[in-house]
Amino acid sequence: MDLLLCATYEEINDLLAVENQKLPIHESLERDVFVAGLRQEIVNNGEQVLNLINAGEVNRHFGETNMNVRSSRSHTIFRMVIESKGKDLNSTNDCSISDIVRVLVLNLVDLAGSERIAKTGADRVRLKEGKYINKSLMVLGNVINKLSEGSKQRVHILYRDSKLTRILQPALGGNAKTSIICTIAPEEIHIEETKGTLQFASRAKRITNCVQVNEILTDAALLKQQQLEIEELRKKLEGSHAEVVKQDILKLRNEQEIPCCLGLWGI
């Protein structure tokens, strides 16, 4: 299942289905945090994945500024849900490796760069876009900063301050592995932006997550597990406690039959 989405003006648009605009964010116990209304595609190989990425790239929003002829005016997220299971090598009564499905979610995020109005020369629409870009990056930086302090003290993480961090909440903290690639410009004129980027990367390196393997059982495996439990219970009943159970049953049966007999004699 592949999803490609884009956040512009703090609005979420589906890049695989341009008619799906301003999509809402929901949360549930089954799916955690998710975007409702996204188009989903099933892929079986790497070529199909690349084709989807290219299709979404066509619908991305770009604009020209003084700093960049082709400036991304939004953050883009490519999300892939991967399900895998091993091959059956042995046939046993226990749940085999092919009955266990491992599930993971891969998020590839392309963040728009932070912008200084004086350098970009942005105005009107570009200025508004830049403000939202900077705001979401600031919130992301605050979230990264709080997560990096998590081992020292318990803090409240403000994921809801931005739709970007809200969507990425499952990937930033908790059961996740996070890798960040930061790009910087070598020119001296961009030294402040470079310094801020390196500070962001330094904080991100201090995040500590607790990664676990997500495994679920197939319906066949659950049925097999229940059959094994029933068989174990049957064996226990046939074991050393079976005679005690039978005596208790007979005792209860006799206690129920005596009042019935007395009633008949009374007639």
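Each remark here, short or long, concerns the structure printed above.
Residues numbered from 1 in each chain as written. Predicted model: local features only at pLDDT ≥ 70, side-chain atom pairs only at ≥ 80, totals over all residues. Heavy atoms only, no water.

## Quick word on helix H3 (residues 124-148)
Helical periodicity: at 3.6 residues per turn, an α-helix aligns residues three or four positions apart in one direction. In this model H3 runs 36 Å from its N-terminal to its C-terminal C-alpha over 25 residues, within 8% of the 36 Å that 1.5 Å per residue would give. Of the residues making up H3, those classed as buried are Glu129, Gly130, Ile133, Ser136, Leu137, Val139, Leu140, Gly141, Val143, Ile144, Leu147 and Ser148. Tucked into the core, H3 has its buried residues touching strand S6 (71-72), strand S7 (75-84), helix H4 (163-167), helix H5 (169-172) and helix H6 (191-204). (Helix = DSSP H or I, 4+ residues; strand = E, 2+ residues; numbered from the N terminus. Expected span 1.5 Å × (residues − 1). Buried < 20%, exposed > 50% of the residue type's maximum accessible area, 1.4 Å probe, protein only. Contact = heavy atoms within 4.5 Å.)

## Side note on the pairing of strand S4 (residues 32-35)
Direction of pairing for strand S3 (residues 25-28) relative to S4: antiparallel, over a ladder of four bridges. When the bridges of S4 are listed, Glu27 appears paired with Val33. Linkage of S3 to S4, two consecutive antiparallel strands, is achieved through a turn of three residues. (Pairing = 2+ DSSP bridges.)

## Structural notes on the packing of H3 against H6
Between H3 and H6, whose axes approach to 8 Å, the crossing angle comes to 35 degrees. Relative to H6, H3 is oriented so that their crossing is left-handed. Across the interface between the two elements, Leu140, Gly141, Ile144, Asn145 and Ser148 of H3 pack against Phe200, Arg203 and Ala204 of H6. Of the residues belonging to the contact of H3 with H6, the class tally is four nonpolar, three polar and one charged. (Axes fitted to C-alpha atoms, helices over the stretch in contact; angles between N-to-C directions. Left-handed = near helix turned anticlockwise from the far one by under 90°. Nonpolar A, V, L, I, M, F, W, Y, C, P; charged D, E, K, R; others polar.)

## Focus: the side chain of Glu10
Its location among the elements puts Glu10 in the loop between strand S1 (2-8) and strand S2 (11-14). Buried and unpaired, Glu10 has no salt bridge, with Lys135 as the nearest side chain of opposite charge at 5.2 Å. Looking at Glu10, its side chain comes within polar contact range of the side chain of Ser162, at 3.5 Å. Each residue touching Glu10, except ones within four places of it in the same chain, is listed here: Tyr132, Ser136, Ser162 and Lys163. (Lys, Arg positive; Asp, Glu negative; His and termini not counted. Salt bridge = Lys/Arg side-chain N within 4 Å of Asp/Glu carboxyl O. Polar contact = N/O pair within 3.5 Å; in protein donor to acceptor, adjacent residues only side chain to side chain.)

## Considerations on the nonpolar core
Core analysis: the largest hydrophobic core is formed by 19 residues, its most contacted members being Val35, Leu140, Val143, Ile144, Leu147, Tyr159 and Leu172. For this core, the secondary-structure elements that each account for two or more residues are H3, H4 and H6. At five residues, the largest contribution of residues to this core is made by H3. (Core = buried A, V, L, I, M, F, W, Y, C linked by side-chain atoms within 4.5 Å.)

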